[in-house]
Amino acid sequence: MKGRRLNIVFSATRQFNPGDEFILYGIMNLLHDVMENESFNAVIYNRNPDINQRFDSVFTRTSFNRRKFRGASYAASVFRIFRWDNSIRKDSDWKKVDLIVFAGSPEWYGARSRIVYWAAKRYKIPVIYMGIGTGEENIEKKIKEHEWKVIDRALYITTRDKMTTDMLCLHASETEERNRKGQKWCARPKCVVCPSICSSRTQKRVEKVRRIALIYSSSRVSDNNNISVEAEHYIKRLYAVLMKKYDTALVCHYIEELDYAVQDFPGEEYYYSFDSHDYFDIYAQFDFVIGCRVHGIGICASMGIPGIIINHSIRCETGKLLGAGMVTPDLNRLEETVEYIEDCIRNAAVKSMALSQLKKETWNTYVSDLKCILGLAGIWKKDSKEGDINMDEIIRGGGFP
């Protein structure tokens, strides 16, 4: 008799931020390895701000389908009061969800995630956090009490930057006494390379740099995706220098960037796709990558392509963990930066081999942890042998909620 396939809800974005989808691909690859390939149904809770409103409407898709509400879809269009995309929503049957995964992104708390927290608490759904990070300081002040209650009973938490790790570890240490008194399970947050390094099943061995991908970014696009004016001026100057020295092409991650890329670099070759999966083929043409987009660096690292992250915000620490070099925008040191980049290019073969090893180690860490955690929680059978895993590195406590 065939067993029931698990229903896993991934809190992520679709058709908004390709970087979020690169992380999602990595997490799904890992879970497929843990759960014997095609063993779960992937459901998305789509945080795309274009469809995920910040308020909780009293109307639902179900109520608007009733006869007495015929024609009300026009009102719904005007007031944007519920969602029609192919994702789970508040009026879905959350009782059939076996696991919730917060898949990377700084938006693992806050208004757009409220329904996931509501469902996790109401239906006591097991939760894991993988590759979460932040783009701002003092985030502990912004996390609400109802969110902490879900975080505190998470089965597994990995972060992709030290700031988030330190914040969560401090919170965990402050709740030790409460855990000893009642709650027996509390995940020990740990910093692991972002799951985007597991996004590609294949990888190349770079022996020589022939083509370089320059990831385009601009201050003129929407607030969610832009960079500072200073960073934009810097990459324009830097890219202009590199274009004269190497065979390069621009890679755009957002539709808004296309017009600006052509305007800023007329006559240059550039790439874009609405489908985030196409970026595996796009980046496969290159041997080196440079840019501000952390998860453009991440998907390339997964493919064995070394890169350099341009440090424009605190999020860029993630790029260093992904094995990338780092430069800080400073027009007064542009010549020095170009020399550093040239040195990294000369050592690309060594960097590519190191990425292969980093990917292997990271993949094994995630798979081992997840097999053990999901097995102990009764979500999936446990395959790990005793002694394979140091449980003190994963959890504090000795039971389950």
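Anyway, here's the lowdown on the structure attached to this text. Because the structure is a prediction, the values reported are computed rather than measured. (Residues numbered from 1 in each chain as written. Predicted model: local features only at pLDDT ≥ 70, side-chain atom pairs only at ≥ 80, totals over all residues. Heavy atoms only, no water.)

On to unusual backbone geometry. Phi is positive for Gln15, which is not a glycine, with a value near 60°. Here Gln15 lies in the loop between strand E1 (6-12) and helix H1 (18-34). With a phi angle near 55°, Lys124 is a residue other than glycine that sits in the positive phi range. Summarising the element assignment, Lys124 is placed in the loop between helix H4 (114-122) and strand E4 (127-132). By relative accessible area, which is 66% here, Lys124 ends up exposed. (Helix = DSSP H or I, 4+ residues; strand = E, 2+ residues; numbered from the N terminus. Buried < 20%, exposed > 50% of the residue type's maximum accessible area, 1.4 Å probe, protein only.)

The relation between two aromatic rings is expressed through the spacing of the ring centres and the mutual angle of the planes. For the coordinates displayed, the defined rule picks out 11 aromatic pairs. Aromatic side chains Phe10 and Phe40 sit 6.2 Å apart centroid to centroid with 55° between the ring planes, which places their arrangement in the tilted category. Here Phe10, found in strand E1, pairs with Phe40, found in strand E2 (residues 40-46); they are 30 residues apart in sequence, far enough to count as distant. Taking the relative accessible area as the measure of exposure, Phe40 reaches 3% and is therefore buried. Lying across the ring of Trp118, Lys90 places its NZ or CZ 4.9 Å from the centre. (Phe/Tyr/Trp six-rings, centres within 6.5 Å; stacked < 30°, edge-to-face > 60°. Lys NZ or Arg CZ within 6 Å of the ring centre and 35° of its normal.)

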